Amino acid sequence: MTINEIQEEIIEEFALFEEPMDRYDYLIDIGKKLPELEERFKIEENVVKGCQSTVWLHSFEKDGNVYFEADSNTVITKGIVGLLVRVLSGHTPQQILDTDLYFIDKIELRSHLSSQRSNGLSAMMKQIKIYALGFSQQAKQA
Amino acid sequence: MIPGVSIREVNISKPFDVEAIRQDFPILHQKVNGYPLVYFDNAATSQKPNLVIDAISNYYKLYNSNIHRGLHYMSEKATEAYEAAREKSRAFLNASSTNEINFTKGTTEGINLVASSYGRKFLQPGDEVIISTMEHHSNIVPWQMVCDERGAKLRIIPIDDDGNLLLDEYKKLLNDRTKIVSVVYVSNALGTVNPVKDIITLAHEVGAVVMLDGAQATPHMAVDVQALDCDFLALSSHKIFGPTGMGILYGKERLLEQMNPYQGGGEMIKTVTFEKTTYNELPYKFEAGTPDISGGIAMGVAIDYINSIGYQNIAKHEHDLLVYGTEVLSQIEGLRIIGQAKEKASVISFLVDGIHPYDMGVLLDKQGIAIRTGHHCCQPLMDRFAIPGTCRASFAFYNTTAEIDKLVKGIEKVKTMLG
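Residues numbered from 1 in each chain as written. Chains lettered and ligands numbered in written order. Predicted model: local features only at pLDDT ≥ 70, side-chain atom pairs only at ≥ 80, totals over all residues.

1. Topic: the sheet that holds strand E2 (residues 54–62) of chain A
All names here are of chain A.
Right, on to step 1. What the three strands build is an open sheet, ordered E1-E2-E3; its pairing is antiparallel. At either end of the open sheet lies a strand with only one pairing partner, and these are strand E1 (47–49) and strand E3 (65–72). This sheet shows a mean twist of 30 degrees between the axes of neighbouring strands, independent of strand direction.
Right, on to step 2. Taken together, the three bridges between E1 and E2 define a ladder with antiparallel strand orientation. (Pairing = 2+ DSSP bridges. Helix = DSSP H or I, 4+ residues; strand = E, 2+ residues; numbered from the N terminus. Axes fitted to C-alpha atoms, helices over the stretch in contact; angles between N-to-C directions.)

2. Considering the interface of chain A and chain B
Right, on to step 1. Each partner contributes to the interface: chain A provides 14 residues, whereas chain B provides 13 residues.
Right, on to step 2. For the side of chain A that touches chain B, the elements supplying multiple residues, two or more each, are helix H2 (20–33) and helix H3 (75–88) of chain A.
Right, on to step 3. Top contributing element to the side of chain A that touches chain B by residue count: H2 of chain A, with five residues.
Right, on to step 4. By residue class, the composition of the side of chain A that touches chain B is seven nonpolar, six polar and one charged. (Contact = placed C-beta atoms within 7 Å. Nonpolar A, V, L, I, M, F, W, Y, C, P; charged D, E, K, R; others polar.)

3. Observations concerning the domain arrangement of chain B
Residues and elements named next belong to chain B.
Right, on to step 1. Assigned domains within chain B: domain 1 (18–49 + 310–418) and domain 2 (53–307).
Right, on to step 2. One C-alpha centre belongs to domain 1, the other to domain 2; they are set 28 Å apart.
Right, on to step 3. Listed per partner, the contact involves 31 residues of domain 1 and 29 residues of domain 2.
Right, on to step 4. Counting only elements with at least two residues in the side of domain 1 that touches domain 2, the list comes to helix H11 (311–330), strand E14 (347–352), helix H13 (379–385) and strand E17 (390–394).
Right, on to step 5. Residue contributions to the side of domain 1 that touches domain 2 peak at four residues, all from H11.
Right, on to step 6. Tallied by class, residues from the side of domain 1 that touches domain 2 come to 15 nonpolar, nine polar and seven charged. (Domains from an automatic or database assignment.)

4. Here's the deal with the nonpolar core
Residues and elements named next belong to chain B.
Right, on to step 1. Val-210, Cys-230, Leu-233, Tyr-250, Ile-297 and Ala-302 are the most contacted members of the largest nonpolar core, which totals 155 residues.
Right, on to step 2. The element best represented in this core is helix H10 (residues 293–309), accounting for ten residues.
Right, on to step 3. In this structure Val-210 touches Val-181, Ile-199, Ile-200, Ala-203, Cys-230 and Asp-231, once residues within four positions along its chain are discounted. (Core = buried A, V, L, I, M, F, W, Y, C linked by C-beta atoms within 7 Å. Buried ≥ 20, exposed ≤ 12 C-beta atoms within 10 Å, placed from the backbone.)

5. Let's talk about the pairing of strand E8 (residues 209–213) of chain B
Residues and elements named next belong to chain B.
Right, on to step 1. Counting buried residues along E8, five of its five residues qualify, which places the element largely inside the surrounding structure.
Right, on to step 2. The two faces of E8 match: Val-209, Met-211 and Asp-213 on one face and Val-210 and Leu-212 on the other face are all buried.
Right, on to step 3. Both strand E7 (residues 178–184) and E8 contribute to a ladder of five bridges, which runs parallel. Pairing of Ser-182 across the sheet is with Met-211, part of E8.
Right, on to step 4. Note on the crossover from E7 through helix H7 (residues 196–205) to E8: the handedness is right-handed.
Right, on to step 5. Relative to strand E9 (residues 232–236), E8 is paired through three bridges, and the arrangement is parallel. When the bridges of E9 are listed, Met-211 appears paired with Phe-232. (Right-handed = clockwise from strand over helix to strand, strands pointing away.)

6. Notes on unusual backbone geometry
Residue and element names in this part refer to chain B.
Right, on to step 1. Across the junction of Leu-282 and Pro-283, the peptide omega takes the value 0 degrees, indicating a cis bond.
Right, on to step 2. We note that Ala-386 has phi near 55 degrees; this positive angle belongs to a residue other than glycine.
Right, on to step 3. Relative to the helices and strands, Ala-386 is located in the loop between H13 and E17.
Right, on to step 4. Judged by C-beta crowding, with 6 C-beta atoms within 10 Å, Ala-386 ranks as exposed.

7. Some thoughts on the confidence of the model for chain A
Right, on to step 1. Per-residue confidence for chain A gives a mean pLDDT of 88, with 94% of residues at or over 70.
Right, on to step 2. Ranking the helices and strands of chain A by mean pLDDT puts helix H1 (residues 3–15) of chain A first, with 95, and helix H6 (residues 110–114) of chain A last, with 70. (pLDDT = per-residue confidence, 0-100.)

And the structure:
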């Protein structure tokens, strides 16, 4: 699936819930189902720190695609992290760099990504792009 | 013991009726995420009554003018209103003169002003400044900065597990090198009401001056600077139902006279030549530049409003909320209250087993309930309790027990969702 196809899929899933609390229930579920990041990756270099919650983001490249694995110490952040990983993991660096993450607005979770200090998600987004850029530079050099 | 029982009698003009009072606050009557708003973030900032909102609006509609040197009608009117606010502030704190009432941007600026203008002048290498474990960052960092600059030492009063300040430990810290003691009157994170009268008396015995961070005390209790005999006290207008960006620094006239100005500019001078400037008299010496005129006037109106309700009424109602809230929250399985001091203001900090405060804050917000989560700008205090932060519900006199019931329901719902 392309990045946008995955975004559309998520928008459809969330459209099933009219009540905001139900959307959060679903988000919490996604967070709980996100595979735990191996302890060896929960290291300082992988920390994306917010004021209130912490995100760990591990990335690697395989056959020209970039993969992300992530975790958080708060359930809601973990749910959003889970969505971001689902959308962006397994694509080429260029596809990731070119992505417009419109699904965040559609499922009304923008506030979590725009808050500057509290949860580390905006910093995580930046970090994802930095990783993608790094891998794309590596690919060019190779 | 009723927290925040007024030291000074305040005239009560009408019986306390929380529903009538709520009508004075337009912001409270709205839905958030489909639920009627429950505002329990009063320790961060309080809401504003119509009178305060109207005062700001009327100033700009009717007599906006720069103050003090204007000759025209509106300037005189603005000056009169602004200086009337200073007199109201003097009476509010029972200061002996309006020369002791400096208008600031808020508590943070008040503390920085004293650290800078008093600390820099009087601290010598080897001197000591005492603060406590439960200080807000704004009563830590300014002292760290001035101590670093002057080669002075910062010493910290420890607390017990309930959040009580350890007075015996404080006594041990005091010595003839102690020059400044700066402590919070009421803790924003724990609600602890500190025994400031004792702290002040003991500090004066070794010749130190005492600054009080009064930001969280003044929303809840009458503060009488003469009865306390504190040397400085800072507060924020926005915590006492006035506008943001405004505050009061009280200082004893004798001390303010000895201090250098904090900032240079207009208002704070008497004469300026390129060779020499002479400074204006108190309180203008510390008020460089055009101030927040509407903010000052509206803060004066907020003080009128508090007086019209009466601190005795406020303290009684908030005490009831605190007792009720503590009781019903304690009954929630897995909920632990952080801060159970003997004397508390209406602040309840808590943690629920297995639930991160961030998740609790977000999911309560989705139910229309505004609380605060995190370290509350008190990282050393959180370290003391070995926790990353707390959830904090802080009540004002316009809150109700019915709202506390909604909080309890909300927490139970979050527990179910995350369980």
